Amino acid sequence: MKSPITWASLLLGLSLTSAATLQHITTPFGPNPTSVGFYIYIPTTLTSNSNPPILVNPHWCHGTAQAAFAGSQWATWADKHGYIVIYPDSPNVADHCWDLSSAEGLTHDGGGDSLGIVSMVRWTIKEYNADASRVFVTGVSSGGMMTNHLVGAYPDVFAAGAAFAGVPFGCYAYPGNNSGVYGWWSDDCAKGRIKHTGEEWKGIVERAYPEYTGWRPKFQTFHGTVDETVDYVNFGEQVKQWTSILGLSETPTRATANTPVSGWTKYEYGTEGRFEAFSAAGVSHGIQNQESTVMSFFQLNCTTGCFSWGQGGQGGSLPSLPSSSTKNSVTSTAGVTSSVKTTLTTTKVTSTTKAAITTTAATVGQTLWGQCGGSGYTGPTVCSTGTCTTYNPYYAQCTPSP
Ligand SMILES: *[C@@H]1O[C@H](CO)[C@@H](O)[C@H](O)[C@H]1NC(C)=O
Ligand SMILES: *[C@@H]1O[C@H](CO)[C@@H](O)[C@H](O)[C@H]1NC(C)=O
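Residues numbered from 1 in each chain as written. Chains lettered and ligands numbered in written order. Predicted model: local features only at pLDDT ≥ 70, side-chain atom pairs only at ≥ 80, totals over all residues. Heavy atoms only, no water.

Going by the annotation in an unreviewed UniProt entry, the name recorded for the protein chain is Carboxylic ester hydrolase, with Sordaria brevicollis given as the source organism. Per its UniProt entry, the protein chain bears the Sequence similarities (unreviewed entry) comment "Belongs to the carbohydrate esterase 1 (CE1) family." The UniProt entry for the protein chain carries this comment under Function (unreviewed entry): "Esterase involved in the hydrolysis of xylan, a major structural heterogeneous polysaccharide found in plant biomass representing the second most abundant polysaccharide in the biosphere, after cellulose." (UniProt positions renumbered as here; feature names shortened; annotations may be inferred.)

Here it is as structure tokens:
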């Protein structure tokens, strides 16, 4: 028989341990058809009457939940601001990349890694009385791709996403019958060979959840202009996809140089802060996480009147949580990348509204790797070193002359 003192110290020990470390959840938590690992960080500041927000942080290829946990400020700041962090762990033994290719994962409640991750969110909402209207997702590389993926297929679950070095929703879809094709690497997408109009990208997102008519999550994307693994073309493709989904013009309303760090340009679309794109000049695939910028966008550090699903919590009522049963109806096998071309009306953005643009114009030529052109850009268009190379309508930069 245990003495009360032993029990007390055991309970104390447990609570201290659980508050400070990453926990592996091994009890059943809902549909998880691909067996994604579930790791969670419960902040030290969580109290029994907290209604904490949730941040999901999927890792990169060859990464792990533990590496994501150790590799950013998110857990440290969770202690400060009282949000919960979910670190999913890829079941893909070959390369630990996420499943972005299967019909199941590309369909709302259809299966794949995305459903396993969403089950973790739904379980956490119930288990920790978390705030269903303040669920966010951010990640780098494959985690940035998964961020696009989750926001696209589960607009009712996520209030906002922030992707670093990612690709548009559906870009990694296996061409042809992608039913059951999990974790396939799309070289075409990674190399920037998959391009669509905004309307086409919008159709790809909408077909993930055709019956959905509600509010869409807001989004941030960050990409290095010299990304050698996930081509910079995917930056412009994400701009097209999310502006189209959010009903915004592809022309930025504002461009701000050197934000949040020197050499990066912040583009804002529309006037309500629903979509922002950060072009990191001269930055490779090893793009630096910008936790502070993302935390502000998600308002994870706010205490009252915080941003939530439905644009500040005023705009819409959150759909009731779906039952925890997996839909068995993923029979649509149409390649997500191939079939939306016939009935589309292309909205070409021809006008360039430059009114609200605040970029500081320099008088000298642009330096090597600096920006020298692109929609909304008003800085130097002549390079002092190298030649001005245009990548897409949003970005041109000074590259070394051949
Ligand atoms: C697609 O692939 C799945 C799994 O291999 C198979 O069950 C299904 O019959 C295929 N569908 C078509 C239309 O070929
Ligand atoms: C949240 O953090 C951001 C970035 O550090 C800061 O700009 C903002 O003022 C903070 N907001 C609150 C309510 O503390």
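Let us keep going from here.
Asks: When you look at the state of the cysteines in this model, what are you seeing that I'm missing?
Replies: Think of a disulfide as a covalent bridge from one cysteine sulfur atom to another cysteine sulfur atom. Taken as a whole and judged by the stated rule, the model has four disulfides. Covalent S-S linkage joins Cys-61 and Cys-97, the inter-sulfur distance amounting to 2.0 Å. One quick way to see it: the torsion about the S-S bond of Cys-61 and Cys-97 is about 120°, and its sign makes the bridge right-handed. Of this pair, Cys-61 sits in the loop between β3 (54–56) and α2 (65–70) while Cys-97 sits in the loop between β4 (84–89) and α4 (112–127), and the two are 36 residues apart along the sequence. Classification of Cys-61 by relative accessible area gives buried; the value is 15%. (Disulfide = S-S within 2.5 Å. Helix = DSSP H or I, 4+ residues; strand = E, 2+ residues; numbered from the N terminus. Buried < 20%, exposed > 50% of the residue type's maximum accessible area, 1.4 Å probe, protein only.)

Asks: Teacher, can you tell me more about helix α3 (residues 74–81) here?
Replies: One turn of an α-helix holds 3.6 residues; hence residues three or four places apart share an orientation. Trp-74, Ala-75 and Ala-78 are the residues of α3 that are buried. Take α3 and look down its axis: the buried residues cluster within an arc of 95°, on one side only. For α3, the elements touching its buried residues are β2 (37–41), β3, α2, β4, β5 (135–140) and α9 (291–298). Trailing α3 by a residue or two, Gly-82 shows a phi angle of about 80°, which is positive. (Arc of directions from axis to C-beta. Contact = heavy atoms within 4.5 Å.)

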